[in-house]
Amino acid sequence: MNKKKNQKIFHPFLVAVFPILIIYSQNIGRVNFENLILPITLILIFSVGLYYILKIILKNPFKAGLIVTIILILLFSYGHVYYLLNDVSIDGFDIGRNIYLIPVFGLMLGISIFFAVKAKRVFDNATSILNVVSVVFVIIALSNVFLVVVEITSCDQCSNQELFYETKDFSNYFEPHKFSILENQVRPNVYYLILDEYARNDALLEYHNFSNDKFTGFLENKGFHVAKNSFANYPMSIQSIPATMNMNYINFLADEIGTEVRNYKPLLGIDGLYPNNMVIKNFIEMDYKIITFNTFALHKYENPLSDETFCHRDKLLLDNKLVDALARTSIFGYYIERWAEAETRQVTLCAFENFGNSGKVFDKPVFVWAHIMLPHPPWIFGPNGEEITPGKPLLLTDNPDFRDSGWEPKIQYIQQVQFANKKTIEIVENILEHDKNSIIIIQGDHGTAWDINLTEPSKEDVWQRLRNFDAIYFPDEEKRVQLNDDRTLVNTFRIIFNSYFGSEYEILDDRMYWGSNDKPYNFEEVTQFVLDKLKLKIINKE
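Along each chain, the written sequence defines residue order, and numbers are assigned to residues from 1. Local features in this predicted model are restricted to residues of pLDDT 70 or higher, and side-chain atom pairs are both shown and tallied only at a pLDDT of 80 or more, whereas totals for entire chains, interfaces and linings draw on every residue. In computing side-chain values, all of the structure's heavy atoms are included and hydrogens and water are not.

Some thoughts on the overall build of the chain
To keep it simple, the criterion reads: Runs of E in the DSSP output that reach at least two residues are strands. Runs of H or I that reach at least four are helices, and both are numbered from the N terminus. Partly exposed residues are those whose accessible area sits between 20% and 50% of the maximum for their type, while under 20% is buried and over 50% is exposed, using a 1.4 Å probe and protein chains only. Contacts between residues were defined by any pair of non-hydrogen atoms, one from each residue, lying within 4.5 Å.
Looking only at helices and strands, the chain features 20 helices and 13 strands. The buried share of the chain, reckoned over its 542 residues, is 52%. Within the chain, contacts between residues at least 6 apart in sequence are counted, and of these 74% link residues at least 24 apart.

Written out as structure tokens, the structure reads:
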């Protein structure tokens, strides 16, 4: 009996940290080591607290440990079962829905706890087995971490750039800003709206059979130039937007950081090329006020160079990537996702609501920049802003055109295009009503990605992904002639600074590069693919 009393019970606590270590092993280089502290602390507080509560109630430490382990296993295996069974149907019955799986897991948990409590056994032998199994699982998780670290350190640059990254100054890769503004010259407010994954008209027609002529016709009637052959320079937001906002190609990162490195900090960190960019610095140099929006599309918090940030929010537990990933794979994942979608709706609507009026905030000229996650997923808006839960049939929306349709992502993408159009029209009308001398840029950072291979793309994949939407409004008609149908994002602000601020930036040759999220600095030039396809399109049109 004394031997039983002295037997150690540690399997619940090892089982608790196992999923965190697995998730961390899959994200080394993108998640700091110190990010492990919060999720491990939280899960151990929960596990230890629950263990001692059950130990007091049951007066049996072995049963208490067993029940905690059962709870943890069911809690964190739920998400994996859900993703495995998602969209699996038997005779038309979708078995992979939360409405069925949650009760099943609840029933399993209830039955397991009932038998554990009612059993006459002490469970000391079971505890010994679970201790050994939990040790093996944690060893496996730590081995995964070790193997990833070995893989990283085998790359010359990877260990320093992923494990011990220090902020770098890339300013020497960018040209100094020279401008000429007359003393009494009225400087225009500049509004820059990025609609994530908004494809240009011919792509919308080709992949969705959707004509966007009504929207682009509205813009053209207001004086916008809508590029017919616009292209993004890179396929991912994390590459495309930093290139646009720094008015240059970012291929130097392949040498500075390394082609095998996965760390996003050079792009998205507080001093990265996304928030800490040359366009904003140029406007500050010209005595502009900077207004941004905390839509947390990429950069989660207020921009360090902003004078005003709208739609601000406080930091949350789920901002820790490991906590977020752990929560989403748990039995609470469904509710976490709904909460995250509600928050995304809130900040998206907030940005649309405030964007057009933000030029009134300061007496000085302003540069207003918002990056909104539309029409990019999650699919959370109907064409008129209806709340959509991703995965639910579209007949739940109020749009009669789609009432006979089931869930179809391509249709939902178009619904979000329609809603983005509706809100953008309101923004444009609002700005031009009180600020007709402003400059307005509306762009997609890249095109769509239907059925494409982002790691090893075909020519068709490249052609689809890089066709983005690009519309620019210049208040002076004579300056609109500088806007061509054939343009890429990297020259956007070079054209604007040259046209309105006396700058003399060279207009760069239009080039397109491919790089995936897994290897964001491994760039492959695909310019010729795109140009060949464009020539073929022009020939066929003629």
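Observations concerning the state of the cysteines
Rules: By convention in this document, the label disulfide applies to cysteine sulfur atom pairs within 2.5 Å.
For the structure on display, the rule yields one disulfide. One disulfide in the model links Cys-311 with Cys-350; its S-S distance is 2.1 Å. Given an S-S torsion of about -100°, the disulfide between Cys-311 and Cys-350 has left-handed geometry. Residue Cys-311 is located in the loop between strand E7 (308-310) and helix H14 (321-328), and its partner Cys-350 is located in helix H15 (residues 333-355); the two are separated by 39 residues in the primary sequence. The class of Cys-311 is buried, set by a relative accessible area of 12%. Classification of Cys-350 by relative accessible area gives partly exposed; the value is 23%.

Observations concerning the pairing of strand E3 (residues 190-195)
Heads up, the condition is: We call two strands paired when DSSP finds no fewer than two bridges between them.
E3 sits mainly inside the fold: six of its six residues count as buried. Because side chains alternate across E3, one face comprises the buried residues Val-190, Tyr-192 and Ile-194, and the other comprises Tyr-191, Leu-193 and Leu-195, equally buried. With five bridges joining them, E3 and strand E9 (residues 439-443) adopt parallel strand pairing. By the bridge assignment for E9, Tyr-192 is matched with Ile-441.

Regarding a negative patch on the surface
Our working rule: Patch construction takes residues with relative accessible area above 30% that form no salt bridge. Like charges are linked within 9 Å, and nonpolar side chains (Val, Leu, Ile, Met, Phe, Trp, Tyr) are linked within 5 Å. Here the Shrake-Rupley method, with its probe set to 1.4 Å, supplies the accessible areas, and only the displayed protein chains count as covering residues. In the sections that follow, a salt bridge refers to a side-chain nitrogen of Lys or Arg positioned within 4 Å of a carboxyl oxygen of Asp or Glu. The positive count covers Lys and Arg only, the negative count covers Asp and Glu only, and His and the chain ends enter neither. Here the site of a charge means atom NZ of a Lys, CZ of an Arg, CG of an Asp or CD of a Glu.
A cluster of acidic side chains, namely Asp-486, Glu-506, Asp-509 and Asp-510, defines a negative patch on the protein surface. Locating Asp-486 in the fold gives a position in strand E11 (residues 486-488).

Considerations on the environment of Lys-265
In this structure, Lys-265 sits in helix H12 (residues 265-268). Accessibility expressed as a relative area gives 33% for Lys-265, which makes it partly exposed.

Digging into the side chain of Ser-330
The following threshold applies: Distance and chemistry together define a polar contact, namely a pair of N or O atoms within 3.5 Å, with one atom able to donate a hydrogen and the other to accept it when in protein, and with adjacent residues in sequence counting only for side-chain atoms on both sides.
Topologically, Ser-330 is positioned in the loop between H14 and H15. In terms of polar contacts, Ser-330 uses its side chain to reach the backbone carbonyl oxygen of Ala-327, at 2.7 Å. A polar contact of 3.1 Å, which involves the side chain of Ser-330, links it to the backbone nitrogen of Phe-332. The residues contacting Ser-330, other than those within four sequence positions of it, are Leu-75, Phe-76, Tyr-78 and Gly-79.

What to know about the nonpolar core
The test is simple: We define the nonpolar core as a collection of buried residues of types Ala, Val, Leu, Ile, Met, Phe, Trp, Tyr and Cys that are connected through side-chain atoms lying within 4.5 Å of one another.
Leu-219, Phe-293, Phe-355 and Leu-466 are the most contacted members of the largest nonpolar core, which totals 56 residues. Discounting chain neighbours no more than four positions away, the residues touching Phe-355 are Tyr-191, Tyr-192, Leu-193, Phe-293, Val-368, Trp-369, Ala-370, Ile-427 and Ile-431. Membership of the second largest hydrophobic core comes to 51 residues, among which are Ile-238, Ile-241, Ile-472 and Phe-474.

A look at the confidence of the model for the chain
The test is simple: Scored between 0 and 100, pLDDT is the confidence that the predictor attaches to each residue.
Confidence along the chain averages 87 in pLDDT terms, with 88% of residues attaining 70 or more. Looking over the chain, one finds the lowest element-wise mean pLDDT in helix H1 (residues 2-6), namely 56, and the highest in E9, namely 98. Within the model, pLDDT remains below 50 along residues 393-405, and this stretch shows 26 contacts once partners closer than five positions in the same chain are excluded.

Looking at the sheet that holds E9
The cut-off we apply is this: Axis definition: a line fitted to C-alpha atoms, limited for helices to the stretch in contact. Angles are taken between N-to-C directions and run from 0 to 180 degrees.
With mixed pairing, the seven strands of this open sheet are ordered in space as E4-E10-E9-E3-E8-E6-E7. At either margin of the open sheet sits one strand with a lone partner, and together these are strand E4 (224-226) and E7. For this sheet the average axis-to-axis angle between neighbouring strands, irrespective of direction, equals 15°. Along the sheet, helix H13 (residues 278-285) contacts E3, strand E6 (289-293) and strand E8 (366-372); its crossing angle with E8, the most-contacted strand, is approximately 160°. Against the sheet, helix H16 (residues 409-434) contacts E3, E4, E9 and strand E10 (470-473), and its axis sits at roughly 180° relative to E3.

Some words on the packing of aromatic side chains
Short version of the rule: Centres within 6.5 Å make a pair out of two Phe, Tyr or Trp rings, where for Trp the six-membered ring is used; the pair is then stacked when the planes are under 30 degrees apart, edge-to-face when over 60, and tilted otherwise.
By the definition in use, this model includes 38 aromatic pairs. A centroid spacing of 4.1 Å and a plane angle of 10° characterise the contact between Tyr-173 and Phe-252, whose relative ring orientation is stacked. Here the residue Tyr-173 occupies a position in the loop between helix H7 (158-163) and E3, and Phe-252 occupies one in the loop between helix H10 (237-246) and helix H11 (253-256), the gap between them amounting to 79 residues. Take Tyr-173: its relative accessible area is 30%, and that puts it in the partly exposed class. Owing to a relative accessible area of 10%, Phe-252 belongs among the buried residues under this scheme. Between the aromatic rings of Phe-381 and Phe-419, the centroid separation amounts to 4.7 Å while the plane-to-plane angle is 25°, which identifies the pairing as stacked.

Let's talk about the packing of helix H2 (residues 11-25) against helix H3 (residues 37-58)
Here is the rule we go by: Roughly parallel means an angle under 35 degrees; roughly antiparallel means over 145; roughly perpendicular covers 65 to 115; every other angle is labelled oblique. Less than a right angle of anticlockwise turn of the near helix away from the far helix marks a crossing as left-handed, whereas a clockwise turn marks it as right-handed.
The contact between H2 and H3 brings their axes to 9 Å, and the two run at 155°. Our classification of the angle between H2 and H3 gives roughly antiparallel. In this structure, H2 meets H3 at a crossing whose hand is right-handed. Where H2 abuts H3, its residues Pro-12, Phe-13, Ala-16, Val-17 and Ile-20 lie against Pro-39, Ile-40, Ile-43, Leu-44, Ser-47, Val-48 and Tyr-51.

So, a nonpolar patch on the surface
Together, Ile-129, Val-132, Val-133, Val-136, Phe-137 and Ile-140 line one region of the surface with nonpolar side chains, adding up to about 510 Å² of accessible area. Checked against the element boundaries, Val-136 lands in helix H6 (residues 124-153).

Describing the pattern of salt bridges
On inspection of all chains with the given rule, the structure shows 16 salt bridges. Residues Lys-228 and Glu-220 are paired through a salt bridge, measuring 3.4 Å at the closest nitrogen-oxygen approach. Accessibility expressed as a relative area gives 46% for Lys-228, which makes it partly exposed. Taking relative accessible area as the criterion, Glu-220 reaches 37% and is therefore assigned partly exposed. By sharing partners, the salt bridges in this structure join Arg-200, Asp-202, Glu-206 and Arg-467 into a single network.

Side note on unusual backbone geometry
Look at the link from Leu-374 to Pro-375: it is a cis peptide, with omega at 0°. Along the chain, Pro-375 turns up in the loop between E8 and H16. Notably, Asn-209 is not glycine yet its phi reads approximately 55°, a positive angle. Structurally, Asn-209 can be placed in the loop between helix H8 (201-208) and helix H9 (213-221). Even without being a glycine, Met-247 presents a positive backbone phi close to 55°. Note that Met-247 resides in the loop between H10 and H11.

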